[in-house]
Amino acid sequence: MAIKEYDVLIVGSGHSGGMAAKVLTQKGISCLMLNAGPEADYAQDRSAKAAHELPYRGFNQPGRLPHVLQANEANAEQWVDEKEVPYTHDPAKPYNWVRVRLLGGRSLFWARQSFRLSDLEFKAGDLEGTGENWPISLSDLDPYYSQVEAIFRVRGRKEGWPQFPDGNFVDGGMPRPVNESQTIRTFTDLANQRGIGVSAMRFSEGVNGLASSINLLLPDALATGKLDIVSNAIVREISVDKNTGRANGAQFVDRHSRREMLVKAKVVVLAAGTLESTRLLLNSGLANSSGVLGHYLHDQIYGVSVVASVPEARDGKAGAGLMGGNVFMPRFRNLQKDEKRDFIKGYCMLVSSGGSAQPYHFPLYGEELQKTLDHYAGSCVQGSIFGERPARFENHVTIDKDVMDAWGIPVLHVDVKDGDNEHNMAKDAANTMEEIFTAAQWDIVSKTDKFYPPGYSIHEVGTARMGDDPKKSVLNRWNQTHDIKNLLVVDGACFVTCGWQNPTMTILAVSMRASEHLAEEIKKGNV
Amino acid sequence: MLDVTPPDSVAEPVARFFTAPQYAALHRLSGLIQPPLKGNLGALDCGVPDFLDFLIGVSPAERQQLYRSGLDALNAQAKKQFSKSFADLDDAQSHTILQPMLVAVPWPTDPPKDALKAFVFAVREDVPMATRNSPEYAAEAAASGRRVGGGGLVWRPIDPVYRG
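Residues numbered from 1 in each chain as written. Chains lettered and ligands numbered in written order. Predicted model: local features only at pLDDT ≥ 70, side-chain atom pairs only at ≥ 80, totals over all residues.

Looking at this structure, I do not really get the overall build of chain B. What am I missing?
Counting its regular elements, chain B contains six helices and one strand. Taken from the N to the C terminus, the helices and strands of chain B come in the order α-α-α-α-α-α-β. Across the 164 residues of chain B, 35% fall into the buried class. In chain B, once contacts between residues fewer than 6 apart in sequence are set aside, the share between residues at least 24 apart is 54%. (Helix = DSSP H or I, 4+ residues; strand = E, 2+ residues; numbered from the N terminus. Buried ≥ 20, exposed ≤ 12 C-beta atoms within 10 Å, placed from the backbone. Contact = placed C-beta atoms within 7 Å.)

This is the structure we're talking about:
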C-alpha cells in the first residue's frame, strides 16, 4: 500500500499538538497526528467507586507509580506506566516525571490556572544580568494569548500590573469582590502594606468543565477534513531525507501489534511534551549542532507552605463573615533590577481561608488528637507558593542507552538538582507568609520552606530552547530547529525561562504563533 | 451484570506478614491511635490490623522494614520499661512508650528522619485512613445516614496492551 504523504506530521495530541492541528488544518494544510497512547472514553473507562471497594482501599497499589505523587488508586490508570516507559536518574537527584499518553495528553487533567508570562520572564536575561532572554517578547505573543484565552474561556480580574499581564477575560474580567471574609480583608491590608499586590486566581473555564485539546482544539481540526489521527503510535525516530537533510516523516511502532510503520510528511512538528519531544530528537540524532539540546531543563518549586489559625474562629466559630475565600498574589519579588536579594526570579503566593489543621500538625493521637482537630476546625489560613527554578545548563537529560522502554526505544536519563537560589527563594516565601500571618495575630500551626523534587509541578520546560543564536539555542523564534527548518518543536521544550506561571497559556500561544507562521511558509514554499 | 459478593463480606483475611508479637503490637497500637470517636467505628471495629498486615506485606521492602522494626522496637521498649509486651500495656504505660516518638510535621511527605519516629508517623497516617476506608466504616456510616469520602471516579485500564 502506498504511503500517503501529508503536509505536516504532528507528534503528540495535547495542548500544543492540538493547537498546531487546529491552526494548520483550518488553513487548508493536511496533517497527520500520531499519539503514543489510546483514546480514553470518559463514560466507558470510569466508574464511581467508594474507597472500600478499591483493592487497596485508597492507599494506591504499593510500588506503582513511585514518581507520580499526584497518583491515587482512582486515577492510577491515567498516568504512564513507569515499568512500560521508565526513565533513569541518580537516586541522589530525584526527578518526578509525570506523564499521560492518552489522546489529549496532560491537557485532560491540568489544573487550568491560566496566566501570561510577562516581560520579566521574556527578558529575564536583561533584568537579572545572567541567563538568556527569549527571542520574543510579550508584545509578540499578545495577540495569540488573546485568541487562546477566548478559546479556553479564561476568567480573571484585570489589574494593570506589568508582572501580571491582563488577558482577554470572559465577560471583560471579574469584578473585585465586595463580600470578602474578614480574614481575607486583613490579609489583603497587611500584604498591601508590604507592597504585595493581591489579586484573584485566573483559570480556564473551558466547556463543560474540560479545557482540553480533545474538546477545544481537535474537534475543529477534524471538522476541516484535513486531519487524520492515529493513536497507539509510539514514534521511534524522525526520518530524514539523506539527500536534502530535511525531515520527511517518522518511524513508529504500533503499541499493540509492535509493527514498525513509516509515515511521510513535508514538515514534522513535535508536540509530544517537553521531555518526550527532546527524547525523540536525541534518539533521532537531530537538531543538536549547538550542543544545547537536552539542557536547561527547569520547572517550578511547589510545597512551601505556612498554616496559621485565627484564634477567634476556633471552637466552631468559623462563620462565613470571618473565614472563607482565597486570594492570589502574583510575583512581587525582584520586579526591579536593583532589588538586593539572595535569589533571582520570583514566586506567586496563594492564600486560602477556612481550612482545618491536619493530624500531622500535632504530636497527638486518639481522643486528644480528635479534640485538638475539632478545636482548630475551619479556623485556618493556608499560604503556598509556585516559585521559578532558574534554567541551568547543567540540569539536563541524555539518552540512557542501557535501558529500553517496552517498545525497545532507549529511555531518558534525567540529571537535575536544585541550587541555592531555589532554597533562598523558598525561605523568603515561608518567612513572608509567616510575617504577615503573625502580624494578623494568627497563630502559626506549621511552616515549611521545603519543596518537592524537580518535575513534581508537571510544568517541565526547556531542553530545546529557542533563541536567535544557533550556537546557544535549538529553535529559532518561530520554533523551527536551527539545523532543519522543516522540523519544529512547539511544546514546552522551547521555553527559555518558565516564570512562576502555569505554562499552558504560553505553550498554546507559542504553538499558535509558530503554526500560523509555518502555514505561511508552507504556502510560500519556504519549507 | 449479575450481583456478586465482595470477599470481605464472606471471608476473613489470613494474617501472614507480621510475626505474632508484631501483629499483637500493631493491634494494640491501632486501637490506641483510632479508638471509636464521635459515634464512629474505631480501627479495631474495622479490621485495620488485618488490612495493614496485607497492605504492608505487599509493599516495597523499605516500608516493610519500617513497620517490622518499629513494632519490634515498641515491644522491646515495653519489655525494658514494664517487663511486658506492648500489647499488654495499659493506656498510661503505652503513652509513656509512644510520647517520645510523636512529632508534628509541617508536611506529610517529609516524615521524621529517625526510623522509630517515622514509623509512628506512618502508623498515625495509615491507621485512620484504613479505618475510614474500610467496608465496616462505610456500612456503619450508611446505616447512620452519614456520608463518607474517598474513592471517586475510578479509571479502568484503558485499552491495555495486548499480552497474547
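Please explain the overall build of chain A as it appears in this structure.
Along its length, chain A carries eleven helices and 18 strands. Taken over C-alpha atoms, the radius of gyration comes to 24 Å for chain A, in line with the 24 Å a tight globule of 527 residues would show. Projecting the C-alpha coordinates of chain A onto the three principal axes gives extents of approximately 75 × 55 × 45 Å. By the burial criterion, 52% of the 527 residues in chain A qualify as buried. Relative to all contacts within chain A whose residues are 6 or more apart in sequence, the contacts with residues 24 or more apart total 72%. (Rg over C-alpha atoms; globule rule 2.2 N^0.38 Å.)

Got a minute to help me understand the nonpolar core in this structure?
As a rule of thumb, soluble globular proteins bury nonpolar side chains together. All names here are of chain A. Ranked by size, the top nonpolar core spans 105 residues in total, and within it Leu9 and Val269 carry the most contacts. A total of nine residues in this core trace back to one element, the largest contributor, which is helix H11 (residues 504-524). Ile301, Val307, Val351 and Trp500 belong to the second-largest nonpolar core, a separate cluster that totals 38 residues. (Core = buried A, V, L, I, M, F, W, Y, C linked by C-beta atoms within 7 Å.)

In this structure, what is going on with the pairing of strand S11 (residues 300-309) of chain A? I would like to understand it.
Side-chain direction in a regular strand flips from residue to residue, so the side chains alternate between the two faces of the sheet. Residue and element names in this part refer to chain A. Burial within S11 is extensive, with nine of its ten residues counted as buried. Pairing analysis gives five bridges linking S11 to strand S17 (residues 443-448), with the strands arranged antiparallel. Within the sheet, the bridge partner assigned to Ser305 lies in S17 and is Thr448. (Pairing = 2+ DSSP bridges.)

Before we go on, may I ask you to explain the sheet that holds S17 of chain A in this structure?
Working definition: the strands of a sheet are paired by backbone hydrogen bonds and lie parallel or antiparallel to each other. All names here are of chain A. Overall, antiparallel pairing links the five strands, which are arranged S12-S13-S14-S11-S17 in an open sheet. Each having just a single partner strand, strand S12 (326-329) and S17 make up the two edges of the open sheet. Averaged over neighbouring strand pairs, the angle between their axes works out to 15 degrees when direction is ignored. Bridging between S11 and strand S14 (residues 380-388) involves eight bridges; their strand directions are antiparallel. Opposite Ile301, over in S14, you have Gly387 as the bridge partner. Relative to the sheet, helix H5 (residues 182-193) contacts S12, strand S13 (347-355) and S14, its axis offset from that of S12 by approximately 20 degrees. Against the sheet, helix H10 (residues 420-439) contacts S11, S13, S14 and S17, and its axis sits at roughly 20 degrees relative to S11. (Axes fitted to C-alpha atoms, helices over the stretch in contact; angles between N-to-C directions.)

Teacher, can you tell me more about the packing of helix H3 (residues 61-82) of chain B against helix H5 (residues 115-132) of chain B here?
If you want to describe how two helices pack, look at the angle between their axes and the distance between the axes. All names here are of chain B. Contact geometry of H3 with H5 gives a least axis separation of 9 Å together with a crossing angle of 105 degrees. Accordingly, the angle class assigned to the pair H3 and H5 is roughly perpendicular. For the pair formed by H3 and H5, the contact residues are Leu66, Tyr67, Ser69, Gly70 and Ala73 on the first element and Ala115, Leu116, Ala118, Phe119, Val120 and Ala122 on the second. Of the residues that constitute the contact of H3 with H5, the class distribution is nine nonpolar, two polar and no charged. (Parallel < 35°, antiparallel > 145°, perpendicular 65-115°, else oblique. Nonpolar A, V, L, I, M, F, W, Y, C, P; charged D, E, K, R; others polar.)

Sorry, what's going on with the interface of chain A and chain B here?
Where the parts come together, the accessible area they lose is often given as the size of the interface. With 40 residues of chain A at the contact, the number on the chain B side is 39 residues. The set of elements that each furnish at least two residues to the side of chain A that touches chain B consists of strand S3 (46-49), helix H9 (366-376) and S17 of chain A. Broken down by element, the side of chain A that touches chain B gets its largest block of residues, four residues, from S3 of chain A. Tallied by class, residues from the side of chain A that touches chain B come to 17 nonpolar, 13 polar and ten charged. One ladder, built from four bridges, connects S3 of chain A with strand S1 (residues 152-155) of chain B; its direction is antiparallel. Considered in S1 of chain B, the bridge of Lys49 of chain A is made with Gly152 of chain B.

I would appreciate a short explanation of the packing of H3 of chain B against helix H4 (residues 91-98) of chain B in the present structure.
Residue and element names in this part refer to chain B. Between H3 and H4, whose axes approach to 10 Å, the crossing angle comes to 115 degrees. As for how H3 packs across H4, the hand of that crossing is right-handed. In this structure, H3 uses Leu74, Gln77, Ala78, Gln81 and Phe82 to contact H4, whose residues at the interface are Gln93, Thr96 and Ile97. Of the residues that constitute the contact of H3 with H4, the class distribution is four nonpolar, four polar and no charged. (Left-handed = near helix turned anticlockwise from the far one by under 90°.)

What is the right way to read the sheet that holds strand S16 (residues 410-415) of chain A from this model?
Residue and element names in this part refer to chain A. Taken together, three strands build an open sheet; the order of strands is S4-S16-S15 and the sheet is mixed. Edge positions in the sheet fall to strand S4 (88-89) and strand S15 (396-404), since each of these pairs with one other strand and no more. In terms of strand pairing, S15 meets S16 through six bridges, oriented antiparallel. Paired with Asp400 across the two strands is Val411, which belongs to S16. Against the sheet, helix H8 (residues 274-284) engages S15 and S16, with an angle of about 65 degrees to S15.

Looking at this structure, how should I read the environment of Ala48 of chain A?
Residue and element names in this part refer to chain A. Take Ala48: it is sitting in strand S3. Note on Ala48: 10 C-beta atoms within 10 Å, which makes it exposed. For the pair Ala48 and Ala74, spaced 26 residues apart in sequence, the C-alpha separation works out to 9.2 Å.

For this particular structure, what's the right way to read the domain arrangement of chain A?
All names here are of chain A. Domains assigned within chain A are domain 1 (5-42 + 98-127 + 134-154 + 211-289 + 463-524) and domain 2 (157-200 + 300-396 + 416-448). Between the C-alpha centres of domain 1 and domain 2 there is a distance of 34 Å. Taken together, the contact pairs 16 residues of domain 1 with 19 residues of domain 2. At five residues, helix H4 (residues 138-152) tops the list of elements feeding residues into the side of domain 1 that touches domain 2. Residues of the side of domain 1 that touches domain 2, tallied by class, amount to nine nonpolar, four polar and three charged. (Domains from an automatic or database assignment.)

Would you mind going over unusual backbone geometry with me for this structure?
Excluding glycine, residues mostly have negative phi values, and the peptide bonds linking residues are mostly trans. All names here are of chain A. A positive phi angle, near 80 degrees, is found at Asn60, a position not held by glycine. Tracing the chain through its elements places Asn60 in the loop between S3 and S4. By the C-beta count within 10 Å, which is 20 here, Asn60 ends up buried. Positive phi outside glycine occurs at Asp315, with the angle close to 55 degrees. In this structure, Asp315 sits in the loop between S11 and S12. Owing to 13 C-beta atoms within 10 Å, Asp315 belongs among the partly exposed residues under this scheme.

I tried to follow the environment of Val230 of chain A on my own but got confused; where do I start?
Considering the arrangement of structural elements, one finds Val230 of chain A in strand S7 (residues 227-230). Between the C-alpha atoms of Val230 of chain A and Asp254 of chain A, which are 24 residues apart in sequence, the distance is 9.6 Å.

Looking at this structure, I do not really get the environment of Ile229 of chain A. What am I missing?
Residue and element names in this part refer to chain A. Within the element layout of this structure, Ile229 appears in strand S7. Accessibility expressed as a C-beta count within 10 Å gives 19 for Ile229, which makes it partly exposed. For the pair formed by Ile229 and Asn35, sequence separation is 194 residues and the distance between their alpha carbons is 7.5 Å.

Looking at this structure, I do not really get H10 of chain A. What am I missing?
Since the α-helix advances by 3.6 residues per turn, residues separated by three or four positions end up pointing in the same direction. All names here are of chain A. Under the 1.5 Å per step criterion, the end-to-end length of H10 is 28 Å for 20 residues, consistent within 8% with the ideal 28 Å. Of all the positions in H10, only Glu422, Met425, Ala426, Asp428, Ala429, Ala430, Thr432, Met433, Ile436 and Phe437 are classed as buried. As for H10, its buried residues are in contact with H5, S11, S13, S14 and S17. Count one or two residues on from H10 and you reach Gln441, which has phi positive near 65 degrees. (Expected span 1.5 Å × (residues − 1).)

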